[in-house]
Amino acid sequence: MTNLFDLKGKVVLITGGAGVLGSGMGNVLAQNGVTVGIVGLTMEEAEITVKMIQDNGGKAFAVKGNVLVKEEMEAIRDKILADYGKLDILINAAGGNMPGATIGPDQAIFDMKEADLQKVLNLNIIGTMLPSQVFSEIFAKQKSGIIINISSASASRPLTRVVGYSASKAAIDNFTQWMAVELATKYGEGLRVNAIAPGFFVGEQNRRLLLNEDGTLTPRGETILEHTPMGRFGIPEDLYGTLLYLCSDASKFVTGITLKVDGGFGAKSI
C-alpha cells in the first residue's frame, strides 16, 4: 500500500525558519527525508537551525533573505532552482508582533503607534504574500507545489490588546483561501494552499505576556488557559502531525483551509 505520508526527496523552504516554530517544523520535515531550506535575516541565525537539523541527521541549507524584499526572495528562488532544480513546499513562518502595536493594560486604541502597527501588518501580510508570489512561479511551472501559511487563534477570535496581530492573521486566512483558488483554477490540482492556526505557544515574543519571570502565569496567561479546554500552552511538537498531513499526499484533495491546533481554545465560549 502506498504511504501517503512519504515525503522523501522533497525540498522545502521555510521563511522565519530560525524561530521556535519554524525550526521545529524544519527538523521534523528533515527527519522525514525532506531537504530543508531555512531563510533567516542573517546567515548566522539561519545556520543555527541548519546545524541543529544536520546534527540530528537531516539535510538542510541556509539562505539569507528579508521576506519584505522581493529581490531577495527572487535571489533565493534562483539559487534553489540552480542547486536543486525544484521546490516542493513553501512554509511562510515569518511573522510576529511588537509592543507598539499592542494595547497595554492601561492604554486605549488612541495610544497605539501607527509606525509599529504598519510594521506588524507588513511582516504578517506582505511577508506571507510576497514569498508566495515569488515561489509559486516555480509551482506553476512544475504543476505541483504546496504553500502552508501560519495563521493564529486570534484570526477568527480577535484577542484584546493585539489589534494589529489579530487583524493581520485574519488577513492570512483570507489570503490562504484566495491563493488556493487562484493557483488551483489556473495551474491545476497539484497546487495547494492551506494554513495552520496555532493556539498559544510560549515564544520569545509573547513570553512576558503569558509568564512571569519565575515561570508562574501572568493574569493574561491565566485567562488564556481558563479558555483552553486542554488546560495548557502548546509545544512545537503539537503542530507536527498537522504539518506532515498538509505537506503530504494524505491531504491531496485539501486546499483553502485553516486547521486549528489550539487545544480547543476556539471552541470554548463561557
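Structure: see above.
Residues numbered from 1 in each chain as written. Predicted model: local features only at pLDDT ≥ 70, side-chain atom pairs only at ≥ 80, totals over all residues. Heavy atoms only, no water.

> Outline the overall build of the protein, supporting the account with residue identities and numerical values.
Scanning the protein from terminus to terminus reveals nine helices and seven strands. Taken over the C-alpha trace, the protein has a radius of gyration of 18 Å; the compact-globule value for 270 residues is 18 Å, and the two agree within 12%. In terms of overall dimensions, the protein has C-alpha extents of about 55 × 40 × 40 Å along its principal axes. A separation of at least 24 residues holds for 71% of the contacts in the protein among residues at least 6 apart in sequence. (Helix = DSSP H or I, 4+ residues; strand = E, 2+ residues; numbered from the N terminus. Rg over C-alpha atoms; globule rule 2.2 N^0.38 Å. Contact = heavy atoms within 4.5 Å.)

> Account for helix α6 (residues 163-187), naming residues and giving values.
Here α6 is 25 residues long and its end C-alpha atoms lie 36 Å apart, about the 36 Å a rise of 1.5 Å per residue gives. Looking at α6, one finds that the buried residues are Gly164, Ser166, Ser168, Lys169, Ile172, Asp173, Phe175, Thr176, Met179, Ala180 and Leu183. Close packing links the buried residues of α6 with α4 (114-142), β5 (145-150), α5 (153-156), β6 (191-198) and β7 (258-261). Remark: Gly188 follows α6 within two positions and exhibits a positive phi of approximately 110 degrees. (Expected span 1.5 Å × (residues − 1). Buried < 20%, exposed > 50% of the residue type's maximum accessible area, 1.4 Å probe, protein only.)

> Report on the layout of surface pockets, specifying residues and quantitative values.
The calculated volume of the second largest pocket comes to roughly 260 Å³. What lines the second largest pocket is a set of 15 residues, among which Lys10, Ile146, Gly190, Arg192 and Asp249 lie closest to the centre. Partitioned by chemical class, the residues of the lining of the second largest pocket number four nonpolar, four polar and seven charged. (1 Å grid on protein atoms, 1.4 Å probe; cavity = no way out; pocket = protein on both sides within 12 Å on 5 of 7 lines; lining within 4 Å. Points joined across faces, edges and corners; volume = space filled by probe spheres on them. Nonpolar A, V, L, I, M, F, W, Y, C, P; charged D, E, K, R; others polar.)

> With reference to specific residues and values, describe the pattern of salt bridges.
Any two side chains of opposite charge can pair, on the condition that their charged atoms come close. Evaluation of the coordinates by the stated rule reveals eight salt bridges. The salt bridge involving Arg77 is made with Glu137; its shortest N-O contact spans 3.1 Å. On the criterion of sequence distance, the pair formed by Arg77 in helix α3 (residues 70-84) and Glu137 in helix α4 is long-range, its members being 60 residues apart. A relative accessible area of 38% places Glu137 in the partly exposed class. Arg232 serves as the salt-bridge partner of Asp238, at 2.9 Å between the closest nitrogen and oxygen. (Salt bridge = Lys/Arg side-chain N within 4 Å of Asp/Glu carboxyl O.)

> Talk me through the packing of aromatic side chains; I want residue IDs and the actual numbers.
In the structure shown here, the tally under the stated rule is three aromatic pairs. Between Phe61 and Tyr84, the ring centres sit 5.0 Å apart and the planes meet at 25 degrees, which makes this aromatic pair stacked. With Phe61 in strand β3 (residues 59-64) and Tyr84 in helix α3, this pair connects stretches of sequence that are 23 residues apart. Phe61 sits in the buried class, given a relative accessible area of 11%. Relative to Trp178, the ring of Phe175 lies with its centre 6.4 Å away and its plane at 15 degrees, an arrangement referred to as stacked. You can see Phe175 and its partner Trp178 sitting in helix α6, three residues apart, about one turn around the helix. What makes Phe175 buried here is its relative accessible area of 8%. Since its relative accessible area comes to 49%, Trp178 is described here as partly exposed. (Phe/Tyr/Trp six-rings, centres within 6.5 Å; stacked < 30°, edge-to-face > 60°.)

> Now, about helix α2 (residues 43-55): what can you tell me, with residues and values included?
The end-to-end C-alpha distance of α2 is 18 Å, a good match for the 18 Å that 13 residues give at a rise of 1.5 Å each. For α2, every residue scored as buried is listed here: Ala46, Thr49, Val50 and Ile53. Viewed end-on, α2 has its buried residues packed into an arc of 100 degrees, placing them on one side of the element. Among the exposed residues of α2, those oriented more than 90 degrees off its buried face are Glu44, Ile48 and Asp55. Of the surrounding secondary structure, the elements contacted by the buried residues of α2 are α1 (20-31), β2 (35-40) and β3. Positioned one or two residues after α2, Gly57 has a phi angle of 90 degrees, which is positive. (Arc of directions from axis to C-beta.)

> How would you sum up the environment of Leu68? Please name residues and give values.
With respect to the secondary-structure elements, Leu68 resides in the loop between β3 and α3. Of the residues examined, Leu68 reaches a relative accessible area of 36% and is grouped as partly exposed. Sequence separation between Leu68 and Asn122 is 54 residues, and the spatial gap between their C-alpha atoms is 7.5 Å. Among residues more than four places away in sequence, those in contact with Leu68 are Asn122, Leu123, Ile126, Gly127 and Leu130.

> Give me the packing of α4 against α6: which residues, what numbers.
Their axes nearest at 9 Å, the elements α4 and α6 cross at an angle of 15 degrees. Overall, the two elements α4 and α6 adopt an arrangement that is roughly parallel. Like other packed secondary-structure pairs, α4 and α6 cross with a definite hand, here right-handed. Across the interface between the two elements, Leu117, Val120, Leu121, Asn124, Ile125, Thr128, Met129, Ser132, Gln133, Ser136 and Ala140 of α4 pack against Gly164, Tyr165, Ser168, Lys169, Ala171, Ile172, Phe175, Met179, Leu183 and Tyr187 of α6. Here the contact of α4 with α6 is built from residues that sort into 13 nonpolar, seven polar and one charged. (Axes fitted to C-alpha atoms, helices over the stretch in contact; angles between N-to-C directions. Parallel < 35°, antiparallel > 145°, perpendicular 65-115°, else oblique. Left-handed = near helix turned anticlockwise from the far one by under 90°.)

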